[in-house]
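Listed here are the chains, written in short residue letters.
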Amino acid sequence: MAQRLLLRRFLASGISRKPPQGRWAPLISRALQAPQLSPGELTVTSSQARPLHTTRVCTTTFNIQDGPDFQDRVVNSETPVVVDFHAQWCGPCKILGPRLEKVVAKHHGKVVMAKVDIDDHTDLAIEYEVSAVPTVLAIKNGDVVDKFVGIKDEDQLEAFMKKLIA
């Protein structure tokens, strides 16, 4: 409906138009016609505006783009970083990822989370000796201070975070 209205306004704005020709002519002609409304139907006017809702951007979790990005955002970070080495095909990774994000978000910026896809960044996985996924590293001041492999529940993740922050 909005597309038809926009097209109609565009065509009525003074551009000379020729009658539609060819295979699509009947469809184009119908699209350009004004909609037929009965007297009881409501029409939308420009004064009826819908509210625009915005959401807060999550700044505690980010995806690593490449080696220099990892160096800049993780190794050189003043804030402790939890690094989640994962893969899209990994079932346990899909369970652990949201749990980690939830626990990191609870700490309100005292710790951040970097996500590294091992299929895209095999060099980082090799450098940090990732032999299975999910592997989670705790990095503080550029050094690996803790590590675990596999899935954990929220209480274990909370203890892992507290050790990193302390």
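Up top is the structure these notes are about.
These remarks concern the structure in this document. All values reported here derive from a predicted model rather than from experimental measurement.

Moving on, we come to unusual backbone geometry. The residue after V133, namely P134, is reached through a cis peptide bond having omega -5°. With respect to the helices, strands and loops of the structure, P134 is situated in the loop between α5 (122–127) and β4 (135–140). Positive phi outside glycine occurs at H108, with the angle close to 45°. Structurally, H108 can be placed in the loop between α4 (91–106) and β3 (112–117). We classify H108 as exposed; its relative accessible area is 69%. Positive phi outside glycine occurs at N141, with the angle close to 55°. With respect to the helices and strands, the residue N141 is situated in the loop between β4 and β5 (143–149). When its relative accessible area of 61% is taken as the criterion, N141 is described as exposed.

A few words now on the environment of V75. Along the polypeptide, V75 turns up in helix α3 (residues 67–75). Distance in space between the C-alpha atoms of V75 and G142 is 4.2 Å, their sequence separation being 67 residues. Residues within four places of V75 in sequence aside, it is in contact with F70, Y128, N141 and G142.

A full pass over the atoms with the stated rule returns three aromatic pairs. Note on F85 and Y128: the rings are 6.3 Å apart at their centroids and 35° apart in plane angle, and the pair reads as tilted. Taken together, the residues F85 in strand β2 (residues 81–86) and Y128 in the loop between α5 and β4 connect sequence positions 43 residues apart. Overall, F85 belongs to the buried group, its relative accessible area being 0%.

Reading guide: rules and limits
- Residues numbered from 1 in each chain as written.
- Predicted model: local features only at pLDDT ≥ 70, side-chain atom pairs only at ≥ 80, totals over all residues.
- Heavy atoms only, no water.
- Helix = DSSP H or I, 4+ residues; strand = E, 2+ residues; numbered from the N terminus.
- Buried < 20%, exposed > 50% of the residue type's maximum accessible area, 1.4 Å probe, protein only.
- Contact = heavy atoms within 4.5 Å.
- Phe/Tyr/Trp six-rings, centres within 6.5 Å; stacked < 30°, edge-to-face > 60°.

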